[in-house]
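Commentary on secondary and tertiary structure
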Amino acid sequence: MTETAETFSLGAPVEIDQIDRELKKIWADGDSAMARASLMNLAVYNEAPDSLQRSTELISKITENHACRALVIAADPSAKVDKVEAWISAHCHVGGGAKQICSEQISFRLEGTKLLTSILFSHLDSDLPLYLWWQSDLPERIDPQLWNWVDRLIFDSRAWNDFEAQMQLAEKARSEAQQRQMVLCDLNWTRLTPFRLAFAQFFDHSASHRHFDKIENVSLHFGHGCRSTALLFIGWIGAQLGWEVVGGNGPVQMKNLAGKAVRAELLEEGEAPLQSFIAGTRELEFRVRRAACGDLVEVSRGKPGEQGAHQLLPGDDGDLATLVSEELVRGGERRVYQRAVEKMRKLL
């Protein structure tokens, strides 16, 4: 029997000026076992024609653990005439008891982008924080008022063709957010979490510290289309160990704090964002690699050429909804990320 993919409905079409009234009717007419909940506003913006249903599928997964009002927007910036269509729906998941915890979703199809700011602001859920997940390239021109309402700007730098240009636009958006201290949240950085935590454990053992300034060679195997992910990881290692980037053509050339050369070779193979990482001295190797099962990370240290004892740590399955869910529970200003980006820029 042929399996059919699950489809996700946008819900009931609704006139723009009737959205609030129709949402109230959903809960007034709903089952007593349904409870509306919202901890944040999560807006998803995409310019792909078929993005509404794909974004709805992601929201359905995300709301399993993060109750929110979801504002899903598909826009056609090239349209000559401004036009808006809207739908309302709800995602309900069984909570700790018998009740279903439900999150509202309002979907919009925009012709043009002039109405984006007003449409977004007029349908936020009270004064809850706004997380804006921008799935397309950031535009060079956009209403700066938009950023004044955004608490976190979520994006995925792996999809960028021009990292430097897009990062400059993201930083410009942050500087224009005068009413908020907007945080830049890069899903490409979130992908690195299992490997970063795995390598960071070597810092916990004082016996390892003396080897860090002796590291001469680094090799990193990364998946197809994930070079920016690999460079971001190398940028993080460089920032944490105080390495200076000397050159980025071919193997990456760096210098450690002692002024000694460090050569980093990046190899593209496989599908996982990061496959393996080895940092070696003449005496010792620090190794992190994705385990054969795919959702664990294997960590070991030992003499070059010797397997050595290893341990398994949690990995991830690379699911996009999981990455966003992880990002939603994190706080802070992403200062470590910003330092890694500065190192990475010198490698581009």
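Reading the values: the criteria
Residues numbered from 1 in each chain as written. Predicted model: local features only at pLDDT ≥ 70, side-chain atom pairs only at ≥ 80, totals over all residues. Heavy atoms only, no water. Helix = DSSP H or I, 4+ residues; strand = E, 2+ residues; numbered from the N terminus. Buried < 20%, exposed > 50% of the residue type's maximum accessible area, 1.4 Å probe, protein only. Contact = heavy atoms within 4.5 Å. Areas by Shrake-Rupley, 256 points an atom, 1.4 Å probe, with all protein chains shown as cover. Lys, Arg positive; Asp, Glu negative; His and termini not counted. Charge placed at Lys NZ, Arg CZ, Asp CG, Glu CD. pLDDT = per-residue confidence, 0-100. Pairing = 2+ DSSP bridges.

1. Re the overall build of the chain
If you tally the helices and strands in the chain, you get ten helices and 17 strands. Principal-axis analysis of the C-alpha atoms places the extent of the chain at approximately 70 × 45 × 40 Å. Within the chain, the fraction of its 348 residues that count as buried is 48%. Restricting the contact set of the chain to residue pairs at least 6 apart, pairs at least 24 apart contribute 69%. With an accessible surface of roughly 17300 Å², the chain has 48% of that area assigned to carbon and sulfur atoms. Across the chain, the centroid of the 39 positively charged side chains sits 7 Å from that of the 49 negatively charged ones.

2. Brief notes about the confidence of the model for the chain
Per-residue confidence for the chain gives a mean pLDDT of 90; residues scoring 70 or more make up 97%. Here helix α7 (residues 206–212) is the element of the chain with the lowest mean pLDDT, 77, and strand β3 (residues 41–46) is the one with the highest, 98. Below pLDDT 50 for its whole length, residues 1–5 participates in zero contacts with residues either more than four positions away or in separate chains.

3. Notes on the pairing of strand β5 (residues 83–94)
The sheet contact formed by strand β1 (residues 12–14) and β5 spans three bridges and is antiparallel. Bridge pairing links Val14 to Ala86 in β5. Examined bridge by bridge, β5 and strand β6 (residues 100–111) share twelve bridges and lie antiparallel to one another. If you follow Lys83 over to β6, its bridge partner there is Glu111.

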